[in-house]
Every structure is written in C-alpha cells, then in structure tokens.
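Architecture and fold: a report
Each chain is listed here by its residues.
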Protein chains: 2
Amino acid sequence: MALLPLTAAHRRSVIIALATVLCVCYFMTIGHEDSYSSFKSLSTQWTVSKDSAVVLDVKQTSEIRPQSKPSPSAGNISSSVHSPPRRANATLVMLARNSDLNGVISSVEQLEARFNRKFQYPWVFLNDEPFSVDFKKRVSVLTDAEISFGLIPRDSWVQPDWIDEDRAREGRNSLVRQGVIYGGSVSYRNMCRFNSGFFFHHELLTPYKWYWRVEPDVRYYCDLDYDPFLFMEDHDKVYGFTISMPEWEPTIPSLWSTVKDFVAKHPQYVARDNSMDFISDNAGDTYNMCHFWSNFEIADMDFWRGEAYTKFFEYLEATGGFYYERWGDAPVHSIAAALFARKDQIHFFKDIGYKHAEFAHCPQGKQWREGHCSCDPNDNFDFAQNSCLRHFMRLED
Amino acid sequence: MALLPLTAAHRRSVIIALATVLCVCYFMTIGHEDSYSSFKSLSTQWTVSKDSAVVLDVKQTSEIRPQSKPSPSAGNISSSVHSPPRRANATLVMLARNSDLNGVISSVEQLEARFNRKFQYPWVFLNDEPFSVDFKKRVSVLTDAEISFGLIPRDSWVQPDWIDEDRAREGRNSLVRQGVIYGGSVSYRNMCRFNSGFFFHHELLTPYKWYWRVEPDVRYYCDLDYDPFLFMEDHDKVYGFTISMPEWEPTIPSLWSTVKDFVAKHPQYVARDNSMDFISDNAGDTYNMCHFWSNFEIADMDFWRGEAYTKFFEYLEATGGFYYERWGDAPVHSIAAALFARKDQIHFFKDIGYKHAEFAHCPQGKQWREGHCSCDPNDNFDFAQNSCLRHFMRLED
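Predicted, not measured: the structure shown is a model, and the values here were computed from it.

**Things to note about the sheet that holds strand S14 (residues 359–361) of chain A**
Residues and elements named next belong to chain A. Here three strands make up an open sheet; going across it, the order is S7-S13-S14 and the pairing antiparallel. The sheet terminates laterally at strand S7 (219–220) and S14, the two strands that pair on one side only. Where S7 meets strand S13 (residues 354–356), two bridges bridge the pair, whose relative direction is antiparallel. When the bridges of S13 are listed, tyrosine 220 appears paired with tyrosine 354.

**Considerations on the state of the cysteines**
All names here are of chain A. In the structure shown here, the tally under the stated rule is six disulfides over all chains. Across the disulfide, cysteine 290 is cross-linked to cysteine 388 (sulfur-sulfur distance 2.1 Å). Across the S-S bond linking cysteine 290 and cysteine 388, the dihedral sits near -80°, which makes this disulfide left-handed. Taken together, the residues span a long stretch of sequence, with cysteine 290 in strand S10 (residues 290–292) and cysteine 388 in the loop between helix H13 (365–370) and helix H14 (389–393) at a distance of 98 residues. Cysteine 388 shares its class with cysteine 290; the two are buried.

**A word on the side chain of aspartate 227 of chain A**
Residues and elements named next belong to chain A. Within the secondary structure, aspartate 227 is located in the loop between S7 and helix H6 (228–234). Despite its burial, aspartate 227 remains without a salt bridge, the nearest opposite charge being carried by arginine 87 at 6.6 Å. Only 2.4 Å separates the side chain of aspartate 227 from the side chain of tyrosine 121, close enough to count as a polar contact. For aspartate 227, the side chain forms a polar contact with the main-chain nitrogen of leucine 230, separated by 3.1 Å. Apart from residues lying up to four places away in sequence, aspartate 227 is in contact with Ala88, Phe119 and Tyr121.

**Re helix H2 (residues 101–119) of chain B**
Residues and elements named next belong to chain B. Taking 1.5 Å of rise per residue, the 19 residues of H2 would be expected to cover 27 Å, yet its terminal C-alpha atoms sit only 24 Å apart, more than 12% below that figure. Along H2, the largest kink reaches about 60° and is centred on glutamate 112. Of the residues one or two after H2, glutamine 120 is the one with positive phi, at around 55°.

**Focus on the interface of chain A and chain B**
Each side of the interface is counted separately: chain A has 28 residues, and chain B has 28 residues. Taking both sides of the interface into account, the surface hidden between chain A and chain B amounts to around 2,200 Å²; carbon and sulfur atoms contribute 49%. When the buried surface of chain A facing chain B is broken down by residue, Arg138, Arg369 and His372 of chain A rank first, second and third, together holding 28% of it. Counting the contacts that link chain A with chain B gives eight salt bridges. A salt bridge links arginine 138 of chain B to aspartate 376 of chain A, with the shortest nitrogen-to-oxygen separation between them at 3.8 Å. Summed over the shared surface of chain A and chain B, the result is 15 residue pairs in polar contact (both at pLDDT 80 or more). When residues of the side of chain A that touches chain B are traced back to their parent elements, those giving at least two are helix H2 (101–119), helix H3 (133–140), S7 and H13 of chain A. Examining the composition of the side of chain A that touches chain B, we find that five residues originate from one element, H2 of chain A, more than from any other. Looking at the side of chain A that touches chain B residue by residue, the class counts come to eleven nonpolar, four polar and 13 charged.

**Details of the confidence of the model for chain A**
Residues and elements named next belong to chain A. Overall, the prediction assigns chain A a mean pLDDT of 85, with 79% of residues at 70 or greater. Counting interchain partners and residues more than four positions distant, the pLDDT-below-50 stretch residues 1–6 has 18 contacts. Within the model, the stretch residues 14–80 combines pLDDT values under 50 with 170 contacts to residues more than four positions away or in other chains. For this predicted complex, the interface confidence reaches an ipTM of 0.81, while the overall pTM sits at 0.82.

**What about the sheet that holds strand S12 (residues 346–348) of chain A?**
Residues and elements named next belong to chain A. One open sheet accounts for seven strands, arranged S5-S4-S3-S6-S11-S8-S12; its pairing is mixed. Looking at which strands have only one partner, the edges of the open sheet turn out to be strand S5 (147–151) and S12. When the angles between neighbouring strand axes are averaged without regard to direction, this sheet yields 20°. Both strand S4 (residues 123–127) and S5 contribute to a ladder of five bridges, which runs parallel. Paired with tryptophan 123 across the bridge in S5 is isoleucine 147.

**Some words on the packing of H2 of chain A against H3 of chain A**
All names here are of chain A. Across the interface, H2 lies against H3 with an axial gap of 10 Å and an inter-helix angle of 15°. Taken together, the axes of H2 and H3 lie roughly parallel to each other. For the crossing formed where H2 meets H3, the hand is right-handed. On the side of H2, the interface is formed by Leu101, Val104 and Ile105, while H3 contributes Asp134, Phe135, Arg138 and Val139. A class-by-class count of the residues in the contact of H2 with H3 yields five nonpolar, no polar and two charged.

Criteria and cut-off values
- Residue indices follow the written sequence of each chain, beginning from 1 at its first position.
- For naming, the first written chain is A and the first written ligand is 1, with later ones following in the order written.
- With pLDDT at 70 or above as the cut-off, local features in this predicted model cover only qualifying residues; side-chain atom pairs require 80 or more to be listed or tallied, and sums for whole chains, interfaces and linings still use all residues.
- Excluding hydrogens and water, the side-chain figures rest on all heavy atoms present in the structure.
- When DSSP finds at least two bridges between two strands, those strands are taken to pair.
- Strands are runs of DSSP state E lasting at least 2 residues, helices are runs of H or I lasting at least 4, and numbering of each runs from the N terminus.
- Only a pair of cysteine sulfur atoms within 2.5 Å qualifies as a disulfide here.
- Partly exposed residues are those whose accessible area sits between 20% and 50% of the maximum for their type, while under 20% is buried and over 50% is exposed, using a 1.4 Å probe and protein chains only.
- Positive: Lys, Arg. Negative: Asp, Glu. His and the chain ends are not part of the count.
- We define a salt bridge as a side-chain nitrogen of Lys or Arg found within 4 Å of a carboxyl oxygen belonging to Asp or Glu.
- Identification of polar contacts relies on pairs of N or O atoms within 3.5 Å, with a donor-acceptor requirement for protein atoms, meaning one able to donate a hydrogen and the other able to accept it, and with residues adjacent in sequence counted only if both atoms are side-chain atoms.
- Working rule for contacts: check all heavy atoms of both residues, and any pair within 4.5 Å makes them a contact.
- Between the first and last residue of a helix there are one fewer steps than residues, each counted as 1.5 Å, and that sum is the expected span.
- Note on bend: at a given residue it equals the angle between the axes fitted to the 7 residues ending there and to the 7 starting there.
- Accessible surface is computed with a 1.4 Å probe, and the buried area is the amount of it that two parts give up when combined, taken over both parts together.
- Charged residues are taken to be Asp, Glu, Lys and Arg, nonpolar residues to be Ala, Val, Leu, Ile, Met, Phe, Trp, Tyr, Cys and Pro, and polar residues to be all remaining types, Gly included.
- Within a predicted model, pLDDT stands for the predictor's per-residue confidence, ranging from 0 to 100.
- Between N-to-C directions, angles cover 0 to 180 degrees, with each direction set by a line fitted to C-alpha atoms, over the stretch in contact for helices.
- In what follows, roughly perpendicular refers to angles from 65 to 115 degrees, roughly parallel to angles under 35, roughly antiparallel to angles over 145, and oblique to any angle outside these ranges.
- The handedness criterion is simple: a crossing whose near helix is rotated anticlockwise from the far helix by less than a right angle is left-handed, and one whose near helix is rotated clockwise is right-handed.

Structure representation (structure tokens):
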C-alpha cells in the first residue's frame, strides 16, 4: 500500500481538513419545518410514540412501489418451501436533515447498488425534525427494502437543563477563539452526544442488534458480495471501521482523565486482551488521539447497550464534557471499543471502499479487483502520516 | 409531467448551456501520450490492424480478474444444458480521452450498476490517441463484461487534405466572432465528423449491429431491467433517444439546403412514413433545428452502414460542411433518422433516466418508482420550452 508523502502544504491541508471533519458526528442545524399534509400519493400511517418519535409506514398504493417487509429477526421462519437465506438482525441507519436530500440520495443509491440490492437490509433515517414528504418520497424510491423515517426525541437531542449554560458558552467561545470547527455550535454537540449515547435506544433501532452507519454524501466504491453483519456475528466482532485518524485535542482536553477515573472505579469492564495500544502510546498514561472515524461504523448496538458502555456513557455525560468541551462520538466510541472489547473483536473492513470528505479507504490488489472498485488505489488514507491504521495494525504483533 | 417555466435569466442560461453542449459530439483535444510499457500487472496482447487501430485484449492472469468473453453474436449457441438468455449483437461504446478518466469511471460505474451488471454487454472505448495503462486498469476493473480499447484511425479523425484550410479557418473565425462554443476548434469538428460518418466502421464496432453511446460524466438514474437492444430488435426500431432540443443555427447554415439537394436527387431513400414533422414545421421547407441529443443513443449501426445513410453522409462530407461550418453529429443523425426511417422506428426511451450537462430526462410516475430512480422528477427537460419532445410527440397524432 502506498505511503502518502506529506509536504508542508499537505500537512496544512490535512490540519484544515481534520478541523473540518473531526468529531465525526454529523452536523445538524435547524432546518425548515416541512408539512406532511400536501403529499397525496402516499398512504401514510403515523405512529406517534410516547417519546414523540414518528414512524412513517409506507403502504402499498397505486402510487408507490410495494415495500418488502423483511423481518428484522435473524430467525429463519419461512412459510415457503425454501428457507430464505440467513440474515442478521441488522439495519442501515442514517442521521440526516431535509436539506441533505441530494447527499442522502447519493449515499443510498451507491450502497443499494454496491451492497443492499442483494441483501435487502432495512433502512432507518433519523432527524431532529420531521422529514419532509419530498424527502421520504425521493429516498423511499431508491430501495425495495423496508424503510423508516423517525424523529429524534427532544430529550436525547437538546442540551440538558442541568448543564451550566454559562460554563458551556465559555467552552464554546474558547474553541471559537482557537478556531476549532463547530467550536461554537450547540447543535453539533447535540449530534455528538446523540451518537455517543442515544441513537441505539431510539425506538426505530431497538429491534436491531447490528447497524451500519451511513452519512449523506459519502462514497461506497466497491461491491460487497458477502454479508458484513453475519461476518461480525460469526466472528464474535463488536466494532468495524474503515478509516482511523487522530482527534483534535482541544475538543477533548479532559476526556482521557475522565476515562482513567472511570476505569479506576470500574476496572472489571476493561477487557483482558484490549486495544490500549491503539489509543495510547504509553500503556494508558496519555491518549494518543487515535480513533475510528465513526461516520462509517458497522457495529453491535448491544455493545453500546451493555453494562460497561452504559456506565461509561453515564460517567462521561455526568461531567458535561459533551457541552463544556466538544467531545465527539468518534473518540468516545473508539475508546470504549478499545477498552471494553477484546482487540480481536474490532475489525478493519479493508474490503469496503469508502470516502468521507477528503479521506478515502480504497481496497488494494485482489480486493480492489474483485470489488469492481471505482476508487483510485493510490487515493488511500491507510498509511498516510495522519492515519492511525498502523496503531491498529501493531495490535496484531 | 412538469412544464418548466422559462424566465429571461433561465433563457439566458439555456442559451449559454446550449452553446456549451450543442453539436453533441464529444470534444477531444490533444492529450498526453501514454506509454503502455511500464504496466506489469496486465498480460496484454496487441493487435495492430492495417488502419492502426489498437486493441487491448485483457487476459486472465493472477493480477487481473477473469474477463468473461460473451460472444457478440445474437445466436444461442451453448455447450451447456441450459441455453443462455437471448442477447442482441450489441455493444456499449464511449469516446474518451485519458484525461476524462474520472468522468469515464463515473459513467461506467452507474451504467454497470443500473443496467449492464445484469446484461453483460461488451464495452468499446475509442480515443484518438492510445489509452494509458492507468486508464485501462481503472476502467477494466469496473466490469466483468468484455472490454476493448481502440485507437481511432487517423484518416477517420483529422481534417482531410482536400479541405480548403483558408476557407475552413475563415469559417472557424466567423463562429468565434459570433461566440459559438467550440467555434474555433478543429478537434471538435473532427469528433463531430467521426461520430457522423466513421465510428460504426471502426474495426472494434464492425462486429456489432446495435450500440449504446455513453459519454464521460453523464448520469444514469434508474434501473433498466429489460434489454433495450432486444426491445429495438423486436420492435423494428432504428434509433432511440432520451432528450431532444434545437441545434444552434450558426453551426449549420447550409446543412438543410444540402439535405434538400440530396433528397431531391435521391427521393427513393425517404421513408414513406417519415418524421419530417419532427424536424420541420413547414413540411420540409425549413429545418426547425430539432434534433435528438446524440450523447445518448441506442441505435442500429446497420442503419448508418446502409445505402441511404452512406450516400447521405458522403454527400454531406463532399460539401466540407463539417469543417467550413461546424455540423454536429446530432442534427446529421437526427435528420437522417427522421427522413430515412419510418417514424415508428424512432423510440423515445422515456424509462431511461439520464443527464448530460444540465439537461435531464427523469422518468415519471410508475417508471420512476419501478426504476428506483435517483433523479428529481421535476428536473426533467421533456417539456421545457426548448425541448423538442413535443415535436416528436405530435408525430403520433
């Protein structure tokens, strides 16, 4: 694989790019409120839950394609003579705003073409405000798989009342003065916190164990001809990634000390054969900022729902660091996976061609050829100077 | 279908766009000469023909995926128990420069995902200079179908010696003074002439009857789940299109009088039930500039190879209009199809979602849904003010 040389100009670009993309939570701002009422061609059935999540159930009408409704269950219950192929209890999930429509269509179109057309895993779309009729129509048409559009409950999105807003504002202002991207944004912090501690409890996701996180405007370059969820299940994996890189330190000044405090109090959660060497160059004394880039994740929500991560998130949450600083879900997920899972439970999906912003993972050699990959094999962040993949690779030594 | 309102600003944009895209021949400039010799991972076999066309035959090696080699024959000769599905004698064809690589990959990736993955029609790429090793590697990987890379023979590309260069230069300068896009370009004229009269005689295309013309950087928005070549064959079609629009008159001032001269001399070639009403609003007195936008074509090369079109092209060619003016292959093909084929032999592929530059055809209603189309149904040129589709539709009256 190619080592990308880093000139001063490159380095500057990388720093600017990191500033743009680190804390990989997807930035959501206040969008437009859209009316559902004017769209006549969908027969809709709303389920408004107690936490205000809204589920659109697209029904078959003369105006809409039949929606296949595969069961999210991994069981093989079939009424036909032939058993259906084994499936994982998994979903594709994307957070998006109505204004992201074109980027959402682009990502869904690619992932359907390269993977999901063959596997028909359901899609779940989440938004902090209701999806527009046009959004649902334009996205639903792209897949024959089950598709749901949900509203994020307010109490898992907005800054909690117990946060000291004066201190939070000072934290934001400090990051703005340091020029940190999204340093002044509350909605970005909402998103990071939601992705860290709440998405897997959303009522549209609780039926599922596995998820593949998708974002608007990403690239999927290669055919994926096997089921990555079953691969995870069959190999006792917990967390899968494609790209890793360092976090920007000013966004998480107190995160590592908080992690160390938690671990000191709850040593029983740390896996014996963990990945400390991925996240620390000195056996845990300091955090080296390495994290898996969480805009791509194929992972086990039961890991996030389990005791170790639940206690961990509660501990982080109680410090207010998601708002007083600007903790990203990428370092939070990554540190947890590195400490509470065995290192062999973390999987590098090197056969999945992926690009977000300007960072790409392009499969190499046989995998590039067999995947009919459209990426340039030389456009590959794997062993670029700022990549953390070598930290992951050294775990195998 | 939506009528797109045309404001003055819109109209200006459309005029500018038309100036950019009319004469839909693909603009080829002198690119870089690339060496074939350094690329070690392909085992290549060169066939240099008498007309200098170069064919790359990608062989199966440990470094390259097996290339399926479906016979271009429409016959159903099979050595297995099950007959293979019926196929047309057809190919996908694209003219491209090495510098178009990213746009080529984008077009091929989409057409493979939306159509050719299921049908495995061969690809033919043509260039006026040798394709680079990198180009062939990056494009070959995208398909399991047969793929060939050919060089355009010089004598079907460059301006012929018998053209009066002084007069040709004056013609170019005149168009430049009028601000006509590519008005001063000789290579653009080469391309228009090649697409008008030569591509179907290229040795890589002579084995085939049907072709689908593809260009770099176009969009294919929808699944195509049937074989459009077999559709053409079974319904006695000759020419298929998705978008139609008017040509820019300064590029073809003498084309229509030349056509009328030809028809007066060879009335026997004009079909009884022709499409004169598509290209003329006054029964042939003047040309209304309407043409099928030939960057998309699914058509019958035997029609171009037949007596009527052969004589027609020779007649046009003899006037030097491809160089003294700037005749495009779109009006040339369109006028020929309109006059020498029956109107029921021209097919509007309304189920193929397509976009080139800023002009899109997006299928509507059931076809949009069943095609899982990613286009906006409202982004549809069909009945925009400058579209000629209504001229085509009136043929049915």
